[in-house]
Amino acid sequence: MPAVPETCRKLSEIYLDNNATTPVLAGAAAAVQHCMQQGFGNPSSSHSTGIKAKALLEQTRNLARQLLGASSGEIIFTSGATEGIQTSVLSALLAIRERGLAGANTLLLYGATEHKAVPESLKHWNSVLQLGASVKPIPVLANGLLDLTALAELLPNAALVCTMAANNETGVQQDLRALEKLIRSIKPDAYWLVDCVQALGKMPLQLAATTIDYAPFSGHKLYAPKGIGFLYVRKGAPYQPLITGGGQEGGLRSGTENLPGIAALHYIFEQLLSNEQSVFASSEQLQQFRQQLLAALQQLFPSLVLNSELPYALPTTLNFSVPGFFAKDILDLFDAAGIRVSSGSACSSKVTGSFVLDAMGLARWRSEGAIRLSFGPAFTAQECQQACQRLTDLVPVVQQHGLVLTDGDPLNIPSASGLYQFKFDACCTYLLLCPQSRQAVIIDPVLALAERLSNIIQSQQISQVWVLETHYHQQPGQAAQLLRQLFSAAATDAFGWPEAAAEIAVDSFLLRRLATPGHSDTAYSYLLTQHGDLKAAFVGDLILAGGIGRTDLPGSDALALQQSVQRLAQQLYPDTLLFSSHDYAQRFVTRLDLALTESPLLEKLLANAPEQEWRQALNQQCQQLQQASSYLCGYVEVTTDDAIALVKPAQLPQLLSTQQPLVIDVREPYEQSAGALSQYLPASARIQQVPLSRLCDAVLQHSLTPDLPLLLVCRSGNRSLLAARVLRRLGFQQLWNLQGGVALLS
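Residues numbered from 1 in each chain as written. Predicted model: local features only at pLDDT ≥ 70, side-chain atom pairs only at ≥ 80, totals over all residues. Heavy atoms only, no water.

1. Quick look at the pairing of strand β4 (residues 134–138)
Consideration 1: Of the pairings in the sheet, the one linking strand β3 (residues 107–111) to β4 comprises five bridges and is parallel in character. Note on β4: the bridge partner recorded for Leu108 is Val135. (Pairing = 2+ DSSP bridges. Helix = DSSP H or I, 4+ residues; strand = E, 2+ residues; numbered from the N terminus.)

This is the structure:
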């Protein structure tokens with residue numbers, strides 16, 4: 001009989017990203033269910049079922065009026081805030097055009113920290129309507145409040161002003177009274193749109209007592225389903241339907257109303273208006289929860305810095321940064337522990353930072369490290385206690401792994417012998433480490449990683465350190481000189497090689513060097529052997545994964561490069577691993593046989609093609625890639641995804657049962673400590689941890705061999721897919737990648 005797949009286990013989730021979206025409250029879900037099955041009538045129908053549906057719709061509209069203090073004006077149900085913003089901007093710009101306002105002197109203003117939906121809508125409709133108006137941001141102060149002095153200078157030419165009630169990243173609440181006073185005193189006829197998405201249920205809103213013209217809201221930010229929202233339009237403000245058709249919503253927004261979503265809003269509005277037994281906590285309770293969460297965070301990260309503080313920020317939002325951490329570091333750590341938070345920027349290998357914090361003028365490290373923790377007004381004391389406990393449970397994990405500044409691919413403190421590959425942008429730094437013998441070799445350090453390398457050396461109490469360079473690939477050896485001053489007492493030449501030495505020994509590894517000028521006037525490659533076997537070569541920018549280094553830089557020489565390539569090739573086996581000082585295509589490593597296949601130019605150099613032929617090809621490639629702001633010559637992209645099988649979580653038990661692959665966890669060790677992969681997999685699964693920084697070492701030391709069936713796993717499926725591509729290129733055939741990673745298992 002075939003084996004029965006074992007069931008995967010799951011980790012409980014602590015959800016602290018309510019500013020992004022919220023779960024649907026049980027009462028709201030019950031209202032939706034009842035509406036779909038019992039009160040499912042079309043509000044436009046004239047029979048009793050339709051009349052009941054119409055009554056629910058209008059009751060909800062009246063509740064919204066009570067909640068907003070809006071006895072006059074329109075309340076229009078929409079699909080969400082984006083539709084409300086689009087409708088408001090279109091209505092205002094059409095009215096502006098009818099007033100004869102157009103051209104660059106007409107200003108459409110928005111807060112510099114505004115949600116992208118607002119400026120993008122302004123730009124879109126400004127273009128469609130051919131107004132030619134100037135779309136300009138209103139600067140903000142360091143506390144996130146709009147700069148009223150700057151706004152006052154812009155207002156005389158303003159036709160539309162767009163601001164937020166509360167910011168989605170920082171929770172900063174704008175002073176709407178001060179804004180109204182300023183706007184109406186300088187430009188009373190300017191239209192005013194206020195994004196109220198993050199404000200509902202968290203701060204008082206009496207819109208009828210203001211001159212706000214448009215206020216969009218979204219249901220899924222406050223425990224309703226996605227796809228429902230509403231728009232407030234002040235009485236007398238211009239309005240143009242964005243969607244026309246059957247004339248629903250009094251002709252203001254056509255299309256059959258989303259009655260189940262409206263039913264959910266009905267329940268939520270009742271709870272917000274209730275004085276007794278409401279599911280929503282008071283402002284005082286929310287502030288207490290915030291303080292408890294902040295205390296837990298400060299216990300975990302004592303150097304934490306808040307990017308927005310009370311009284312400016314909503315009590316439900318904590319935006320913070322930690323010196324020495326990029327956002328991805330903390331996101332990966334928290335996610336492994338089942339804690340869901342978000343950053344101010346999209347999580348990628350190249351950190352871009354938060355445009356909101358940049359606009360506030362905060363230091364770049366705070367922008368790149370910003371984490372947003374947000375809970376909703378229905379947060380409970382029990383949920384707060386569970387969240388605090390989960391955060392403090394991470395304290396020993398952080399201490400164990402000594403988390404420090406990384407390069408966007410977070411790494412723990414290395415403790416195992418062998419080769420580590422660190423990256424900063426496209427730059428590669430290599431560390432050959434032996435903690436037992438307290439020896440280390442650093443090759444091609446870059447300044448951005450100097451602090452991290454220093455921390456590694458000190459934490460492992462390394463006593464003998466060589467800091468080598470293949471060439472001066474940055475401003476002359478800044479990182480190398482700094483590290484040599486800290487750790488190297490031996491006399492060396494300008495490239496860090498010990499004087500009069502033929503080789504450097506690190507445990508069972510031996511390094512010797514070979515002069516390979518060409519990319520620069522003086523350059524070296526370092527050949528790595530172990531037990532007499534040539535394992536790898538560190539080749540600087542002589543040979544890159546997919547091509548060769550540029551020769552149009554100061555000190556480079558094409559003829560010397562050809563000679564160096566030939567000299568190096570004579571030392572190598574076809575499968576010798578080649579490590580470059582730059583990796584522009586996320587290939588990690590190459591080999592001579594691969595390089596020849598992927599770069600016709602390299603093949604010409606080694607085959608002694610006529611000089612005129614390869615020089616012409618080299619010049620053309622350098623010119624093309626220089627125009628494209630690339631430093632890689634002869635690069636050819638090789639797609640290997642078709643050879644990598646994607647495994648869905650539902651297919652995982654069957655794959656583990658039938659194919660019995662070795663599961664390769666490419667997450668970093670601190671992620672493993674925070675949330676072990678074994679808790680998601682059957683007990684019989686064989687798991688080996690190989691972080692991306694150690695992937696090439698695993699190939700180098702043959703702990704991973706091409707004959708092994710491998711299932712690669714990471715948090716989201718991205719790093720594991722990258723590792724699978726690297727291994728596939730090196731000849732591994734039986735590869736599976738877990739689609740969606742641990743995130744879809746938890």
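2. Brief notes about the state of the cysteines
Consideration 1: Under the criterion given, the structure shown has zero disulfides.
Consideration 2: Cys384 provides the cysteine sulfur closest to Cys388, a residue in no disulfide bond, and the two sulfurs are 4.1 Å apart.
Consideration 3: In this structure Cys434 is not part of a disulfide, and its nearest cysteine sulfur, from Cys696, lies 20 Å away.
Consideration 4: Classification of Cys434 as buried rests on a relative accessible area of 2%. (Disulfide = S-S within 2.5 Å. Buried < 20%, exposed > 50% of the residue type's maximum accessible area, 1.4 Å probe, protein only.)

3. Some remarks on the sheet that holds strand β25 (residues 590–591)
Consideration 1: With respect to topology, six strands assemble into an open sheet ordered β18-β19-β20-β21-β24-β25, the strand pairing being mixed. Among the strands making up the open sheet, the edge pair consists of β18 (504–506) and β25.
Consideration 2: Note that strand β19 (residues 509–515) and strand β20 (residues 524–530) share seven bridges and pair antiparallel. Bridging across to β20, Arg512 finds its partner in Leu527.
Consideration 3: Contacts from helix α16 (residues 558–569) reach β19, β20 and β21 (533–540), with the element oriented near 150 degrees to β19. (Contact = heavy atoms within 4.5 Å. Axes fitted to C-alpha atoms, helices over the stretch in contact; angles between N-to-C directions.)

4. Remarks on unusual backbone geometry
Consideration 1: Cis geometry marks the peptide bond from Leu310 to Pro311, where omega comes out at 10 degrees.
Consideration 2: Of note in the backbone geometry, His531 takes a positive phi value of approximately 55 degrees without being a glycine.
Consideration 3: Note on placement: His531 falls in the loop between β20 and β21.

5. Describing the sheet that holds strand β30 (residues 735–738)
Consideration 1: As summarised here, the arrangement of the five strands in space is β26-β30-β29-β27-β28, forming an open sheet in which the pairing is parallel. Every interior strand has two partners, whereas the edge strands, β26 (645–647) and β28 (687–689), have only one. Strand-to-strand twist in this sheet, taken as the mean axis angle between neighbours without regard to direction, amounts to 30 degrees.
Consideration 2: Bridge analysis of β26 against β30 gives three bridges, and the strand direction is parallel. From the neighbouring strand, Val647 faces β30, where its bridge partner is Leu738.

6. Concerning the pattern of salt bridges
Consideration 1: Tallied over the full model, the rule gives 26 salt bridges.
Consideration 2: Taken together, the shared-partner salt bridges connect Glu13, Lys328, Asp332, Asp335, Arg340, Glu671, Arg715 and Arg719 into one network. (Salt bridge = Lys/Arg side-chain N within 4 Å of Asp/Glu carboxyl O.)

7. Focus on the packing of helix α14 (residues 450–459) against helix α15 (residues 478–487)
Packed helices, taken two at a time, are described by the angle between their axes plus the distance between the axes.
Consideration 1: Relative to each other, α14 and α15 sit at 25 degrees, their axes nearing to 10 Å. Judged on the interaxial angle alone, α15 and α14 are roughly parallel. The element α14 and its partner α15 pack so that their crossing is right-handed. Packed against α14, whose contacting residues are Ala450, Leu453, Ser454, Ile457 and Gln458, the element α15 presents Leu482, Leu483, Leu486 and Phe487 at the interface. (Parallel < 35°, antiparallel > 145°, perpendicular 65-115°, else oblique. Left-handed = near helix turned anticlockwise from the far one by under 90°.)

8. Considerations on the packing of aromatic side chains
Consideration 1: For the structure on display, the rule yields 13 aromatic pairs.
Consideration 2: Ring plane angle 55 degrees and centroid distance 6.5 Å describe the contact between Tyr420 and Phe422, whose orientation is recorded as tilted. Neither Tyr420 nor Phe422 differs from the other in exposure class; each is buried.
Consideration 3: Cluster of aromatic residues (ring-pair linked, three or more members): Phe217, Phe230 and Phe269.
Consideration 4: In this structure, Arg513 packs its charged tip against the face of Tyr524, placed 4.0 Å from the ring centre.
Consideration 5: Looking at Arg694, its charged tip hangs above the ring of Tyr420, at a distance of 4.3 Å from the centre. (Phe/Tyr/Trp six-rings, centres within 6.5 Å; stacked < 30°, edge-to-face > 60°. Lys NZ or Arg CZ within 6 Å of the ring centre and 35° of its normal.)

Everything listed here is a matter of geometry and, on its own, says nothing about what the molecule does.
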